[in-house]
There are 2 protein chains.
Amino acid sequence: MSNNRQPATIYQVAAQAGVSIATVSRALNGSDTVAESTRKRVLIAVKELKFRPSRLGQSLAEGRHAANGIVFPDLSGPYYAEVVLGYEEVAAELGSSVLILSTHGRPDPAGKVMDLARRVDGMVVISRTVADTVIAQVTEIGIPVVLLARPAVGSCDTLNADNVDSAHDLVGHLVEHGYERFGFLGDPAGSPDVHARYEAFRAALRAAGRRSPRAPLRCDFDVESGRRAAARALRRPARPEVLVCGNDETALGALEAAKELDLSVPEDVVITGWDDVMAARYAGLTTVRQPMRELGATAARWLQERIAGNAGPVRRETLATQLIVRSSCGVHDHKT
Amino acid sequence: MSNNRQPATIYQVAAQAGVSIATVSRALNGSDTVAESTRKRVLIAVKELKFRPSRLGQSLAEGRHAANGIVFPDLSGPYYAEVVLGYEEVAAELGSSVLILSTHGRPDPAGKVMDLARRVDGMVVISRTVADTVIAQVTEIGIPVVLLARPAVGSCDTLNADNVDSAHDLVGHLVEHGYERFGFLGDPAGSPDVHARYEAFRAALRAAGRRSPRAPLRCDFDVESGRRAAARALRRPARPEVLVCGNDETALGALEAAKELDLSVPEDVVITGWDDVMAARYAGLTTVRQPMRELGATAARWLQERIAGNAGPVRRETLATQLIVRSSCGVHDHKT
DNA sequence: TTGAAAGCGGTACCAG
DNA sequence: CTGGTACCGCTTTCAA
């Protein structure tokens, strides 16, 4: 008949067990200085009252949230979802709850991030979701921040996936195919990754003795934006032979644009992506695979260590990526 | 020079402004009973000390977390990611932080959920992530729960995507193609949705006067499991003409299996999926589109209303789904 | 218009 | 081994 609306408090447990709240706390937190008989009585009271310590009281007293956060632009693409998954998995293992915050298209991202900062012991910030000054503010109040897929700032640990080597591999492969006229689809100003990819792409082209591409065909990250931008480019008389896209979703859009214009891929136009999201495989898209889960997982581990007080040197690492050759970049001997 | 390690407290602000903490609290929370001059002084002190109220103190005093949670099996598939996205978007709009919890393959999901319950004002539970008894426990301590993609339990609001009508449409379409021998790929015991789909599929077949399918080809939800299970089935002499799959990922696996066995789709074998994840489009997979974002968004709204104290009647709704015909189910006149 | 003080629900130190 | 009690940082009466 215990139709308790309000959860029981430690005081009620103490009363029920005939001990002080201090003893209840000890009994529950595995202190070894509690008589076995007492502990037993407490445990019984706990069971009867269905007592569960209030997280708020606990956190307030302990001075920690036992939670951390992750900030990303958007969960709609498969990319961030994978990163968040890798993050959550490790965070959970380490005993932290995880709060998520998406900033894309939301008002006042800075305020939202500062708000998040009051709820967590640390956070991961992905890409260019908030201004550097905000990150500085967060770290200043003692909340460790790990940066992901964006340039380092301050003394935050920073983790990136390689864009340079993979751009080199990609361009090298395309050059072997003999292509000459390259275009880049995506907005370098839109994300640090795309920026890095574009620069590395240009450098690789130069290194291969190819003509510089014209200015990037700027577009948003989604399929539809990619489709529109690609359609414009492919309609031009001197269309590029190759469209290197800043991410897979724009590349998928480009594939659609090609189809609409009755251009076959890779015969009439070559298209490549970046990230290797699930759909890329089924679209036969040549792309660069990122270790998305591992990015999230590593960030979670680093963050935990900082929260735990690790004062070691700042970490800056770049995880390796892998060129995935499929059919969209040309015909190959071996099977897809 | 304010190199404050520890964040300022309301006491320091009060001291600095020469008022009591009560006044600081009022000034900050827009009480109209604070003299303008006083408020100004307080605000200055706040700025100087970079004061931000502690979420814990605030929540403890207010008796609410201003946060809610969402429990899902796994974020790896695109499906849940979309649902979570829709959820987070609305929750953020409504001023709640969101905590995520993935249970798949984790030890003690019940404990994790109870733990989550202590950090939120309410939660959404998707699919069969935890036992019904756990859900009962959560609601019993006064935490509203909204159920998603699973059967109702207790008096929780419950939201589902339609499986019956879409199964009917799907089977109807396949029957029009003239197919006779149907198989089902997926484990009805693995998720409420797959269960419902299988049952609806059978019922629709019966209604269409087709032979009952043999027992479902059970497999997990990922591509690889689908591939293996499908390969087994397709190698049998009397292989099914049609493989209706419980979700898109297993269907994608089935497509691979067919390819490996040199069976062409849809000529040699027809394959359909469920969910319409992004990859389905590029794989040419006939499937059923679910309003994933809207599922999440609606759940978030319902939850918020319950948290706010809405005591209206229990809600049970089913959102409509849509048959998406692509190439994997047969040749059609119109374009894909 | 403001301040004092009583919670909110725990943890942990200090005595006993 | 146990109890008393001082926090943790805020909101909200109740009085003045």
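Owing to the predicted nature of the structure, the values given are computational and were not obtained by experimental measurement. (Residues numbered from 1 in each chain as written. Chains lettered and ligands numbered in written order. Predicted model: local features only at pLDDT ≥ 70, side-chain atom pairs only at ≥ 80, totals over all residues. Heavy atoms only, no water.)

A. Representation of the protein's contact with DNA strand D. In the neighbourhood of DNA strand D, 31 residues make up the surrounding shell, with A:Thr23, A:Arg26, A:Thr38, B:Ile10 and B:Ser54 lying closest. Separating a phosphate oxygen of DNA strand D from a backbone N or O atom of B:Ser54 is a distance of 2.7 Å. Counting residues per element, the ones that place at least two in the surface near DNA strand D are α2 (21–28) and α4 (55–62) of chain A together with α1 (10–17), α2 (21–28) and α4 (55–62) of chain B. For the surface near DNA strand D, the element with the most residues is α4(B), which contributes five residues. Among the residues forming the surface near DNA strand D, the class breakdown is 15 nonpolar, eleven polar and five charged. (Near = heavy atom within 4 Å. Polar contact = N/O pair within 3.5 Å; in protein donor to acceptor, adjacent residues only side chain to side chain. Helix = DSSP H or I, 4+ residues; strand = E, 2+ residues; numbered from the N terminus. Nonpolar A, V, L, I, M, F, W, Y, C, P; charged D, E, K, R; others polar.)

B. Region of the structure containing the side chain of A:Thr158. Residue and element names in this part refer to chain A. Topologically, Thr-158 is positioned in strand β5 (residues 157–161). A distance of 3.0 Å separates a polar side-chain atom of Thr-158 from the backbone oxygen of Cys-156. Contact partners of Thr-158, with chain neighbours within four places excluded, come to Leu-147, Arg-150, Pro-151, Ala-152, Trp-302, Arg-315, Arg-316 and Glu-317. (Contact = heavy atoms within 4.5 Å.)

C. Summary view of helix α3 (residues 36–49) of chain B. All names here are of chain B. Its 14 residues give α3 an end-to-end C-alpha distance of 20 Å, which sits within 8% of 20 Å, the value for a rise of 1.5 Å per residue. Along α3, the residues classified as buried are Thr-38, Arg-39, Val-42, Ala-45, Val-46 and Leu-49. Here the buried residues of α3 occupy an arc of 125° about the axis, which is enough to place them on one side. For α3, the exposed residues lying more than 90 degrees away from the buried face are Ser-37, Lys-40 and Lys-47. Buried residues belonging to α3 abut α1 and α2. (Expected span 1.5 Å × (residues − 1). Buried < 20%, exposed > 50% of the residue type's maximum accessible area, 1.4 Å probe, protein only. Arc of directions from axis to C-beta.)

D. Spatial organisation of the domain arrangement of chain A. In terms of domains, chain A is made up of domain 1 (10–61), domain 2 (67–161 + 292–320) and domain 3 (164–290 + 323–329). Summarising the inter-unit geometry, the C-alpha centres of domain 1 of chain A and domain 2 of chain A are found 36 Å apart. (Domains from an automatic or database assignment.)

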